[in-house]
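Inside the fold
Each chain is listed here by its residues.
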Amino acid sequence: NTSGATEYALRPLYSAVAPEVGQGCLVGLYPVNRDYYVESHPSAAKCTGMVHDGGNLERFIVGRQFLVVLVIFVLNVLT
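Scoring rules and cut-offs
- Counting of residues starts from 1 at the beginning of each chain's written sequence and follows it residue by residue.
- Given that the model is predicted, a residue must reach a pLDDT of at least 70 before its local features are reported, and side-chain atom pairs must reach 80 or more before they are shown or counted; all residues, however, enter totals for whole chains, interfaces and linings.
- The basis for every side-chain value is the complete set of non-hydrogen atoms in the structure, without hydrogens or water.
- Throughout, a disulfide means two cysteine sulfur atoms within 2.5 Å of one another.
- Burial here depends on accessible area, computed with a 1.4 Å probe over protein chains only, as a share of the maximum for the residue type. Under 20% is buried, over 50% is exposed, and the range in between is partly exposed.
- The secondary structure listing takes helices from DSSP runs of H or I that are at least 4 residues long and strands from runs of E that are at least 2 residues long, numbered from the N terminus.
- To be clear, the arc concerns the directions from the helix axis to the C-beta atoms.
- Here a polar contact is recorded for every N or O atom pair within 3.5 Å, except that within protein the pair must consist of a potential hydrogen donor and a potential acceptor, and residues adjacent in sequence are included only if both atoms are side-chain atoms.
- Should any heavy atoms of two residues lie within 4.5 Å, those residues are considered in contact.

1. Structural notes on the state of the cysteines
According to the stated counting rule, one finds zero disulfides in the structure shown. Among the cysteines around Cys25, which has no disulfide bond, Cys47 carries the closest sulfur, lying 10 Å off. Residue Cys25 is classed as partly exposed on the basis of its relative accessible area of 45%. According to the relative accessible area criterion, Cys47 is partly exposed, its value standing at 39%.

Written as structure tokens, this is what we have:
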């Protein structure tokens with residue numbers, strides 16, 4: 001059983017982990033034909049449709065890296 005303080009302390013870590021997981025999913029689904037999962041996973045199909053259009057995947061990767069660096073910097077300042 002975790003205390004409220006522990007959960008509060010882990011929130012910035014979640015902010016750093018979520019973009020990493022998102023990147024893995026989006027990069028992993030890039031070569032997969034969307035027709036395979038558009039009916040079974042409509043939210044994933046919608047997200048990959050936006051991200052895989054044009055240069056959005058590269059922009060997402062750069063933005064994710066900036067966010068991770070920012071979160072680590074803020075954690076360093078707070079501790």
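2. Digging into helix 2 (residues 42-51)
For helix 2, the full list of buried residues reads Ala45, Thr48 and Val51. Taken down its axis, helix 2 places every buried residue within 135° of arc, on the same side. Within helix 2, the exposed residues directed more than 90 degrees away from the buried face are Pro42, Ser43, Lys46 and Met50.

3. Some details on the side chain of His52
Along the chain, His52 falls in the loop between helix 2 and helix 3 (56-78). A polar contact of 2.9 Å, which involves the side chain of His52, links it to the backbone oxygen of Leu26. In contact with His52, other than residues within four places in its own chain, are Leu26, Leu29, Tyr30 and Leu57.

4. Quick look at the side chain of Thr48
For Thr48, the position within the fold is in helix 2. Dropping the residues within four chain positions of it, Thr48 is found in contact with Leu26, Leu29, Arg34 and Tyr37.

5. So, the environment of Leu29
Following the sequence through the fold, Leu29 ends up in helix 1 (residues 4-29). Overall, Leu29 belongs to the partly exposed group, its relative accessible area being 25%. Expressed as a C-alpha distance, the spacing of Leu29 and His52, which sit 23 residues apart in the sequence, is 9.2 Å. In this structure Leu29 touches Tyr37, Thr48 and His52, once residues within four positions along its chain are discounted.

Keep in mind these values describe shape, not function.
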